[in-house]
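In case you want the letters, here they are:
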Amino acid sequence: MNALVNSPTGGDSVTVAVSGTFDIQGQSVTINSQDITNIKSGINFTLGQPVTLGTIDDFIDWLNKTFSTPLTSKQLDDAIDKLPSSPAFLKDIRDALLSFLHATITITMLSINTQTKVYQFGVTVTPNPPISILGLLELDSIGVAITSGVTGSP
Amino acid sequence: MNSPTETVNSFMQWLNKTFGLSLPTLPLNGWPAAVITLWHFAVDWLPGASPLPASIKVDGKWKPFDGGNFEVKEITIEIRHEQ
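Residues numbered from 1 in each chain as written. Chains lettered and ligands numbered in written order. Predicted model: local features only at pLDDT ≥ 70, side-chain atom pairs only at ≥ 80, totals over all residues. Heavy atoms only, no water.

Caption draft 1: How the structure looks around the pattern of salt bridges. In total, this model carries five salt bridges over all chains according to the counting rule given. The salt bridge partner of Asp-81 of chain A is Arg-94 of chain A, with a shortest N-O separation of 3.6 Å. In this pair, Asp-81 of chain A sits in helix α2 (residues 73–81) while Arg-94 of chain A sits in helix α3 (residues 88–101), placing the two residues 13 residues apart along the sequence. When its relative accessible area of 44% is taken as the criterion, Asp-81 of chain A is described as partly exposed. Notably, a salt bridge pairs Arg-80 of chain B with Glu-78 of chain B, separated by 3.6 Å at the nearest N-O pair. Among the residues examined, Arg-80 of chain B registers a relative accessible area of 42% and is labelled partly exposed. (Salt bridge = Lys/Arg side-chain N within 4 Å of Asp/Glu carboxyl O. Helix = DSSP H or I, 4+ residues; strand = E, 2+ residues; numbered from the N terminus. Buried < 20%, exposed > 50% of the residue type's maximum accessible area, 1.4 Å probe, protein only.)

Written as structure tokens, this is what we have:
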């Protein structure tokens with residue numbers, strides 16, 4: 001552990017921050033606050049570094065369990081299953097959505113505001129194989145932003 | 001060594017006094033209840049310990065929001081000192 005000089009002198013600059021970790025899908029994710037000297041109310045946390053997780057299906061269920069978001073992967077899967085598989089462009093959309101749900105995701109941004117009780121996730125989805133729409137458009141990476149607030153106990 | 005009487009709040013008060021900072025301290029009027037709770041958590045720090053470590057461990061798990069199941073653990077207070 002690094003040590004800190006305990007006797008400040010003129011011109012010294014001291015900053016103080018709070019760090020911690022949380023578990024998501026078996027991984028430990030580090031979050032860091034801003035410098036909390038002179039802050040007036042609440043602490044904001046951001047992601048230490050991008051974290052690659054499992055599928056977006058799993059992430060949706062983690063959000064549901066952790067933040068009580070009103071959607072589960074099963075509800076989403078069921079809705080997609082109800083989409084018609086013909087004509088071809090509808091099948092492409094259906095396959096694209098299924099590929100999207102089972103793609104690997106990386107959390108690239110996380111913001112937690114304790115004052116407003118708002119959290120934001122920025123997620124990059126990497127479908128494998130890439131999603132093809134009518135053979136004209138190919139998506140190999142998709143960015144998704146999730147913003148919500150915590151209103152009470154689940 | 002654990003010091004059951006020292007908390008995040010008393011550590012902040014000590015930092016303010018020692019380094020002339022303006023860190024938030026209790027009662028934290030108008031602050032979120034979750035943050036006030038964190039300020040009552042115990043810290044692994046003894047007043048007068050020298051040199052002061054750059055990272056102080058906070059004991060316990062903390063929920064940043066009053067509701068929900070989001071829980072933060074392995075909490076530390078990081079101090080950076082630049083001349």
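Caption draft 2: Quick look at the nonpolar core. Counting 61 residues, the largest nonpolar core has Phe-59 and Phe-121 of chain A together with Phe-11, Leu-15 and Ile-77 of chain B as its most contacted members. When sequence neighbours within four positions are dropped, the list of residues in contact with Phe-11 of chain B reads Val-43, Trp-45, Leu-52, Ile-56, Ile-77 and Ile-79 of chain B. (Core = buried A, V, L, I, M, F, W, Y, C linked by side-chain atoms within 4.5 Å. Contact = heavy atoms within 4.5 Å.)

Caption draft 3: Structural detail: the pairing of strand β2 (residues 13–24) of chain A. Within β2 of chain A, nine of the twelve residues are buried, leaving the element largely enclosed by the surrounding structure. The pairing of β2 of chain A with strand β3 (residues 73–82) of chain B spans eight bridges and is antiparallel. When the sheet's bridge partners are listed, Thr-21 of chain A is paired in β3 of chain B with Lys-73 of chain B. Here β2 of chain A runs beside strand β3 (residues 27–33) of chain A; their pairing, made up of six bridges, is antiparallel. The partner of Thr-21 of chain A across the bridge, within β3 of chain A, is Thr-30 of chain A. Remark: two residues form the turn of the hairpin made by β2 of chain A and β3 of chain A, two consecutive strands paired antiparallel; Gln-25 of chain A in that turn has positive phi of roughly 50°. (Pairing = 2+ DSSP bridges.)

Caption draft 4: The packing of helix α1 (residues 56–67) of chain A against α2 of chain A, seen in detail. Residues and elements named next belong to chain A. The contact between α1 and α2 brings their axes to 8 Å, and the two run at 130°. Taken together, the axis directions place α1 and α2 in an arrangement best described as oblique. Within the contact between the two elements, α1 uses Asp-57, Ile-60 and Asp-61 and α2 uses Ser-73, Leu-76 and Asp-77. Grouping the constituent residues of the contact of α1 with α2 by class yields two nonpolar, one polar and three charged. (Axes fitted to C-alpha atoms, helices over the stretch in contact; angles between N-to-C directions. Parallel < 35°, antiparallel > 145°, perpendicular 65-115°, else oblique. Nonpolar A, V, L, I, M, F, W, Y, C, P; charged D, E, K, R; others polar.)

Caption draft 5: Representation of a nonpolar patch on the surface in the model. Residues and elements named next belong to chain A. Together, Leu-83, Phe-89, Ile-93, Leu-97, Leu-134, Leu-136 and Leu-137 line one region of the surface with nonpolar side chains, adding up to about 640 Å² of accessible area. Residue contributions to the nonpolar patch peak at three residues, all from α3. By secondary structure assignment, the location of Leu-134 is in the loop between β8 (131–133) and β9 (137–139). A relative accessible area of 47% means that Leu-134 is categorised as partly exposed. (Patch = residues over 30% accessible without salt bridge, like charges linked within 9 Å, V, L, I, M, F, W, Y side chains within 5 Å. Areas by Shrake-Rupley, 256 points an atom, 1.4 Å probe, with all protein chains shown as cover.)

So, to be careful, I would describe these as geometric facts and stop short of saying anything about function.
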